[in-house]
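Fold and contact review
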Amino acid sequence: MLVVTLGVLVVLVVFTTAGTMWLVKTRPSQEHDPDTKFWYGFAGLCVLAPTILISAAASPWASLTLLAVSAGTGCWVNKLASHSVAVRIATTARSQYAREQAALAARHEEVLTRWSRYELDPGAAIDFPSMSDVRVPETSALVKAAALAEQLLRDTDGGTSPGGEGEPGYPEAIMLLELAFHRAEQAARSGAAARHVLTDTGCYLTTITGQCA
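Residues numbered from 1 in each chain as written. Predicted model: local features only at pLDDT ≥ 70, side-chain atom pairs only at ≥ 80, totals over all residues. Heavy atoms only, no water.

Now for a nonpolar patch on the surface. Residues Trp22, Trp76 and Leu80 make up a contiguous nonpolar surface patch of about 340 Å² in total accessible area. With respect to the helices and strands, Trp76 occurs in helix H3 (residues 60-120). (Patch = residues over 30% accessible without salt bridge, like charges linked within 9 Å, V, L, I, M, F, W, Y side chains within 5 Å. Areas by Shrake-Rupley, 256 points an atom, 1.4 Å probe, with all protein chains shown as cover. Salt bridge = Lys/Arg side-chain N within 4 Å of Asp/Glu carboxyl O. Helix = DSSP H or I, 4+ residues; strand = E, 2+ residues; numbered from the N terminus.)

Structure (structure tokens):
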């Protein structure tokens, strides 16, 4: 009878310790409540302490056995729970990384698409020729920024880590690309405003002199 009772108590201690340790290690990070760890631990202790103390009144050896089982179970579940938390954190980090990379790639593609319009659209190519002229400082800077972003995108780590001290990563390269494109567009529009415009008589009228050329 004593053996059966001890077996039942061992099962109770194992499940209580395992459940308490698992909840203490895994739930606080999911529930975003630091007090959760205390309450889960307190609830488990309220079950374990009476079980072990009551068994001590009947048999000190039974109490020591339950205490050893509880300690061993706690250590084992602690390792499992720590591994589970580490895996979850790594999975979350990979998902966040993938979302950030997708957003950066979308911004990258948007700039390239807007830039390509100045080459593929005949009207835009005529109105803003400087967007394809690398002799223009702003366009030259845009070409360099595009090359840097493309190079970092092809890097093994996706370009999120700097290639070296003082060198930008992929996110920084996208910011530089967007800034360079904005400046190139501004320069192109300013240049277009200063060039000749076609008048109704078929001559070109400059916005500076007001005379036909």
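Moving on to the pattern of salt bridges. As enumerated under the stated definition, the model contains four salt bridges in all. Across the pair Arg114 and Glu185 runs a salt bridge whose closest N-O atoms are separated by 3.2 Å. Of this pair, Arg114 sits in helix H3 while Glu185 sits in helix H6 (residues 170-194), and the two are 71 residues apart along the sequence. You can call Arg114 partly exposed: its relative accessible area is 39%. The class of Glu185 is buried, set by a relative accessible area of 12%. The residue Glu150 makes a salt bridge to Arg154 at a minimum N-O spacing of 3.8 Å. The class of Arg154 is exposed, set by a relative accessible area of 58%. (Buried < 20%, exposed > 50% of the residue type's maximum accessible area, 1.4 Å probe, protein only.)

For the rest of this paragraph, the subject is the side chain of Thr20. Along the chain, Thr20 turns up in helix H1 (residues 2-31). The buried category is assigned to Thr20, whose relative accessible area is 15%. A polar atom in the side chain of Thr20 sits 2.7 Å from the backbone oxygen of Thr16. Among residues more than four places away in sequence, those in contact with Thr20 are Tyr40, Gly41 and Gly44. (Polar contact = N/O pair within 3.5 Å; in protein donor to acceptor, adjacent residues only side chain to side chain. Contact = heavy atoms within 4.5 Å.)

Our next topic: helix H2 (residues 35-58). In an α-helix, one turn spans 3.6 residues; hence positions three or four apart end up facing the same way. Spanning 24 residues, H2 covers 36 Å between terminal C-alpha atoms, matching the ideal 34 Å at 1.5 Å per step. Turning to H2, its buried residues are Thr36, Gly44, Leu48, Thr51, Ile52 and Ser55. (Expected span 1.5 Å × (residues − 1).)

Scanning the entire structure with this criterion turns up four aromatic pairs. Look at Trp39 and Phe42: their rings are 6.1 Å apart centre to centre, the planes differ by 90°, and that puts the pair in the edge-to-face class. Residue Trp39 and its partner Phe42 are located together in helix H2, separated by three residues, close to a single helical turn. Among the residues examined, Trp39 registers a relative accessible area of 53% and is labelled exposed. In this structure Phe42 comes out as partly exposed when scored by relative accessible area, which is 42%. An aromatic cluster is defined as three or more aromatic residues linked by ring pairs; in this entry it consists of Phe38, Trp39 and Phe42. Here the guanidinium or amino end of Arg117 rests over the ring plane of Tyr118, the centre of that ring lying 4.8 Å away. (Phe/Tyr/Trp six-rings, centres within 6.5 Å; stacked < 30°, edge-to-face > 60°. Lys NZ or Arg CZ within 6 Å of the ring centre and 35° of its normal.)

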